[in-house]
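Descriptive analysis of the structure
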Amino acid sequence: MQFGIFTVSDVTTDPTTGTTPDDTQRVRDIMTIAEHADQAGLDVFATGEHHNPPFVASSPTTMLGYLAGRTKHITLSTSTTLITTNDPVRIAEEYAMLQVISDGRMDLMMGRGNTGPVYPWFGQDIRQGVNLAIENYALVRQLWENDVVNWQGRFRTPLQGFTSTPRPLDGVAPFVWHGSIRTPEIAEQAAYYGDGFFHNNIFWPIQHTEQMVGLYRQRFEHHGHGSADQAIVGLGGQFFARKNSQDAVNEFRPYFDNAPVYGHGPSMEDFTAQTPLTVGSPQQVIDRYAAMQDHVGHYQRQLFLIDHAGLPLKTVLEQIDVLAEDIVPELRRINEEGRPAHVPSNPPSHAERVAAARLAGAVGSDHVAAVDEFTGASV
């Protein structure tokens with residue numbers, strides 16, 4: 001099972017010092033956080049996409065392309081790629097380029113985001129959000145899977161004889177997650193294509209997450225991609241941990257109380273009771289997240305938000321170490337116990353997808369396909 005972190009890239013004042021990083025410092029801190037996660041042995045680093053203050057991650061592929069050259073092992077991903085307001089041609093091109101640059105050490109998550117004004121900023125209508133997500137992703141798939149595309153839809157100009165470049169690495173498109181908190185149509189979209197479904201349930205009770213994941217699993221099987229328990233599922237989460245649980249509570253409380261997202265609302269105790277946010281000892285985090293599979297079944301990816309609410313860089317790096325050293329090994333062990341042999345432990349890697357594509361090419365024809373050893377193309 002994969003464990004990692006994601007950032008929403010908020011620029012927030014540290015309530016304990018009154019200091020606020022500028023945009024440049026925040027971007028550089030995120031680079032440091034990602035590199036530290038790689039060095040600590042975590043599996044995934046993901047960034048969101050926002051186009052408004054107080055967020056700075058407006059260009060995920062720029063950030064991840066830089067990190068591809070700075071990291072060695074970690075999978076580089078997005079916690080949101082705005083499928084509704086980005087041009088699907090640019091998405092196809094930019095993420096194929098990232099795939100090539102990272103040598104396949106990447107995937108991405110399609111999402112609609114949570115900032116309503118982004119639609120008119122990019123010339124779209126929020127009332128068409130789901131329809132945009134469906135049509136745009138269908139075009140992205142065509143651009144990745146076909147060398148030449150002729151296409152016409154509702155939301156952009158037609159394409160005639162268009163080829164997206166660069167072509168996907170080894171002729172295989174990047175693995176895609178579809179992220180949604182509350183929209184059944186997106187769970188259905190993920191299931192229809194046999195893609196992954198990510199429920200970023202940082203603000204929701206587990207019962208809601210269970211319903212959304214259950215729908216996706218049911219529809220994944222309905223569309224013939226495998227049994228429901230073989231569907232590829234990811235979850236979001238939040239924690240703050242110290243060896244002594246009361247130390248964690250005392251240290252994190254001012255950040256929680258003043259955070260732009262949930263500050264000045266429910267108490268930290270109420271919020272942690274009703275959502276996956278866990279503040280306490282590493283064992284408390286382990287106990288909370290080990291129970292997730294009781295609700296959603298065996299799943300493949302767990303990401304944590306740990307660099308938000310104005311937490312200083314030093315503290316975030318310490319939290320990465322706590323996660324990698326004290327939490328992940330035990331969670332990994334627990335989550336692999338009892339996992340049936342037919343249920344994947346991880347999302348499919350690029351190498352696995354290339355091998356599956358080549359096997360499908362050979363099985364689907366009367367003759368064994370001749371595969372070019374350099375490009376992966378088959379005849």
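Residues numbered from 1 in each chain as written. Predicted model: local features only at pLDDT ≥ 70, side-chain atom pairs only at ≥ 80, totals over all residues. Heavy atoms only, no water.

Further remarks concern the packing of aromatic side chains. Taken as a whole and assessed by the stated rule, the structure comprises 14 aromatic pairs. Between Phe 203 and Tyr 262 the ring centres are 6.3 Å apart and the planes differ by 75°, which places this aromatic pair in the edge-to-face class. Residue Phe 203 is found in the loop between β9 (196-199) and α7 (206-222), and its partner Tyr 262 is found in the loop between α8 (245-258) and α9 (268-274); the two are separated by 59 residues along the sequence. Centre to centre, the rings of Tyr 262 and Phe 271 are 5.0 Å apart; their planes meet at 55°, and the pair counts as tilted. For the pair shown, Tyr 262 and Phe 271 are each scored as buried. These aromatic residues form a ring-pair network of at least three members: Phe 203, Phe 256, Tyr 262 and Phe 271. (Phe/Tyr/Trp six-rings, centres within 6.5 Å; stacked < 30°, edge-to-face > 60°. Helix = DSSP H or I, 4+ residues; strand = E, 2+ residues; numbered from the N terminus. Buried < 20%, exposed > 50% of the residue type's maximum accessible area, 1.4 Å probe, protein only.)

Attention shifts here to the packing of helix α5 (residues 129-145) against helix α6 (residues 184-193). In contact at an axis separation of 10 Å, α5 and α6 are set at 20° when each is read in the N-to-C sense. The orientation of α5 with respect to α6, classified from their angle, is roughly parallel. Considering how the two elements wind past one another, α5 and α6 form a crossing that is right-handed. On α6, the residues touching Val 130, Ala 133, Ile 134, Tyr 137, Ala 138 and Arg 141 of α5 are Glu 185, Ile 186, Gln 189 and Tyr 193. For the contact of α5 with α6, the per-class residue count stands at seven nonpolar, one polar and two charged. (Axes fitted to C-alpha atoms, helices over the stretch in contact; angles between N-to-C directions. Parallel < 35°, antiparallel > 145°, perpendicular 65-115°, else oblique. Left-handed = near helix turned anticlockwise from the far one by under 90°. Contact = heavy atoms within 4.5 Å. Nonpolar A, V, L, I, M, F, W, Y, C, P; charged D, E, K, R; others polar.)

Our next topic: α7. Counted at 1.5 Å a residue, the expected span for α7 with its 17 residues is 24 Å, and the 24 Å between its end C-alpha atoms agrees. Of all the residues in α7, the buried ones are Ile 206, His 208, Thr 209, Met 212, Val 213, Tyr 216, Arg 217 and Phe 220. Looking straight down α7, one finds that the buried residues subtend no more than 165° of arc, so they occupy a single side. Looking at α7, the residues exposed on the side facing more than 90 degrees away from the buried face are Gln 211, Gln 218 and His 222. (Expected span 1.5 Å × (residues − 1). Arc of directions from axis to C-beta.)

When you line up the elements, Gln 300 lands in the loop between α11 (293-296) and β12 (301-305). We classify Gln 300 as buried; its relative accessible area is 0%. Only 2.8 Å separates the side chain of Gln 300 from the backbone nitrogen of Val 233, close enough to count as a polar contact. At a separation of 2.8 Å, a polar atom in the side chain of Gln 300 contacts the main-chain carbonyl oxygen of Pro 344. Beyond its immediate stretch of four places on either side in the chain, Gln 300 contacts Met 1, Gln 2, Ala 231, Ile 232, Val 233, Arg 339, Val 343, Pro 344, Ser 345, Asn 346 and Pro 347. (Polar contact = N/O pair within 3.5 Å; in protein donor to acceptor, adjacent residues only side chain to side chain.)

Cis geometry marks the peptide bond from Pro 53 to Pro 54; its omega dihedral reads 10°. If you trace the backbone, Pro 54 turns up in the loop between β2 (44-47) and α2 (60-70). The residue after Thr 165, namely Pro 166, is reached through a cis peptide bond having omega -5°. With respect to the helices and strands, the residue Pro 166 is situated in the loop between β7 (159-162) and β8 (176-179). The backbone of Asp 103 sits at a positive phi, close to 55°, despite the residue not being glycine. Inspection of the secondary structure assignment puts Asp 103 in the loop between α3 (88-101) and β5 (108-111). Phi angles above zero are rare outside glycine, and Asp 170 is one such case at about 60°. Take Asp 170: it is sitting in the loop between β7 and β8.

Bringing the packing of helix α1 (residues 23-40) against α2 into the picture now. Close contact between α1 and α2 brings their axes to 11 Å; oriented N to C, the two are set at 45°. Compared by their axis directions, α1 and α2 come out oblique. For the pair α1 and α2, the crossing hand works out as right-handed. Note on element contacts: α2 touches α1 through Met 63, Tyr 66, Leu 67 and Arg 70, opposite Ile 30, Met 31, Ala 34 and Glu 35. Looking at the contact of α1 with α2, its residues break down into six nonpolar, no polar and two charged.

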